[in-house]
Amino acid sequence: MIAEENDPERRLLPEFDKTLAYRSDKLRQLHDYWRSKLKGREIPSRADIEPTEIPKLLPYTALIDVESNPRRFRWRLVGTHITGAMGYDYTGFYFDEKYSGPALIDLMAVYERVLQSKEPIRHFGRPTFADKHYAKYESTHLPLSRDGPSVDIIMVGLEFSFQ
């Protein structure tokens, strides 16, 4: 059974920050890097992202492929900080292969928000996610495009804290 949007059993209920007031220096740097690649466009191209330019940020970075018909999201690349915190390397898996019910609904909603807005988002919270309790996390989702107008890859910066 799929949980409704207001179901109290949902596991990932992030707070969104439209001001993009990053607390994490790493996420701020990743956002600044993304902005430097705009070059007058609404969304940077995936081809503009060069991992060798951001080596210290890679452990906190993931790339998510967006498929349209049907809508699915796949972890293309997941950094070591993220894999270590989640306890599993999700690289190559689709969201719906690893999550279902409330967790999948919550995860899909965050990524759909990026697709609809075509703008970066920052969210944070204190979730139970991937069966772990985190003191807090902060995340940014940065849209990328192969063709210009549509978001087909999302670059994610994610930092967990266990304090």
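Along each chain, residue indices are assigned from 1 in the same order as the chain's sequence is written. Reporting in this predicted model follows two pLDDT cut-offs: at least 70 for local features of residues, and 80 or more for side-chain atom pairs to be given and counted; totals over whole chains, interfaces and linings ignore these cut-offs and use all residues. To get the side-chain values, all heavy atoms of the structure are used, and hydrogens and water are removed first.

**A closer look at the packing of aromatic side chains**
Part 1 of the argument: Any two of the Phe, Tyr and Trp rings considered here, Trp counted by its six-membered ring, make a pair once their centres fall within 6.5 Å; the pair's planes then place it as stacked at under 30 degrees, edge-to-face at over 60, or tilted in between. Counting across every chain of the model gives 10 aromatic pairs.
Part 2 of the argument: Ring centres of Phe 73 and Phe 95 lie 5.5 Å apart, and the angle between their planes is 25°; this geometry places the pair in the stacked category. Separated by 22 residues along the polypeptide, Phe 73 in strand 3 (residues 72-78) and Phe 95 in helix 3 (residues 95-98) bring together distant segments of the chain. As far as burial versus exposure is concerned, Phe 73 and Phe 95 are alike and both buried.
Part 3 of the argument: Geometrically, the ring pair formed by Tyr 88 and Phe 93 is tilted, given 5.9 Å between the ring centres and 50° between the ring planes.
Part 4 of the argument: Each residue's exposure class comes from its accessible area (1.4 Å probe, protein chains only) as a fraction of the maximum for that residue type: buried when under 20%, exposed when over 50%, partly exposed otherwise. For Tyr 88, a relative accessible area of 35% corresponds to the partly exposed category.
Part 5 of the argument: Among the aromatic side chains, those forming a connected cluster through ring pairs are Phe 73, Trp 75, Tyr 88, Tyr 90, Phe 93, Phe 95, Tyr 99 and Tyr 111.
Part 6 of the argument: Over a ring means this: the NZ of a Lys or the CZ of an Arg is within 6 Å of the ring centre and within 35 degrees of the ring normal. Across from the ring centre of Phe 124, 5.7 Å away, lies the NZ or CZ of Arg 23, which sits over that ring.
Part 7 of the argument: The ring of Phe 93 carries Lys 98 above its face, with NZ or CZ at 4.1 Å from the centroid. Elements are defined by DSSP. Helices are runs of H or I of four residues or more, strands are runs of E of two residues or more, and each kind is numbered from the N terminus.

**Some words on the nonpolar core**
Nonpolar side chains in soluble globular proteins tend to be buried together.
Part 1 of the argument: Only buried residues count toward a nonpolar core. Its members are Ala, Val, Leu, Ile, Met, Phe, Trp, Tyr and Cys residues joined through side-chain atoms within 4.5 Å. In terms of nonpolar packing, the biggest core is built from 27 residues, with Ile 64, Phe 73, Trp 75, Phe 95, Tyr 99, Tyr 111 and Ile 154 touching the most fellow members.
Part 2 of the argument: Mapped by element, the contributors of at least two residues to this core are strand 2 (61-67), strand 3, helix 2 (80-86), helix 4 (101-117) and strand 8 (153-161).
Part 3 of the argument: Counting residues per element, this core draws most heavily on helix 4, which supplies 7 residues.
Part 4 of the argument: Among the nonpolar cores identified, the runner-up in size contains 12 residues, and Leu 38, Ile 49, Ile 54 and Leu 142 belong to it.

**Describing the pairing of strand 7 (residues 136-144)**
One face of the sheet, then the other: side chains in a regular strand alternate in exactly this way.
Part 1 of the argument: Of all 9 residues that make up strand 7, 8 are buried, and the element is covered over most of its length.
Part 2 of the argument: Note that strand 4 (residues 121-125) and strand 7 share 5 bridges and pair antiparallel. When the sheet's bridge partners are listed, Gly 125 is paired in strand 7 with Tyr 137.
Part 3 of the argument: The pairing of strand 7 with strand 8 spans 9 bridges and is classified as antiparallel. Its bridge partner being in strand 8, Ser 139 is matched across the sheet by Leu 158. By the convention used here, strands pair only if DSSP detects at least 2 bridges between them.

**Digging into unusual backbone geometry**
Part 1 of the argument: Residues Asn 69 and Pro 70 are joined by a peptide bond in cis, for which omega reads 0°.
Part 2 of the argument: Structurally, Pro 70 can be placed in the loop between strand 2 and strand 3.
Part 3 of the argument: Residue Leu 20 is not a glycine yet carries a positive backbone phi of 55°.
Part 4 of the argument: Position of Leu 20 relative to the elements: it lies in the loop between strand 1 (15-17) and helix 1 (25-36).
Part 5 of the argument: Looking at Leu 20, the relative accessible area reads 22%, which means it is partly exposed.
Part 6 of the argument: At Lys 118, a position not held by glycine, the phi torsion is positive, near 55°.
Part 7 of the argument: Take Lys 118: it is sitting in the loop between helix 4 and strand 4.

Treat this as a map of the structure, not an account of what it does.
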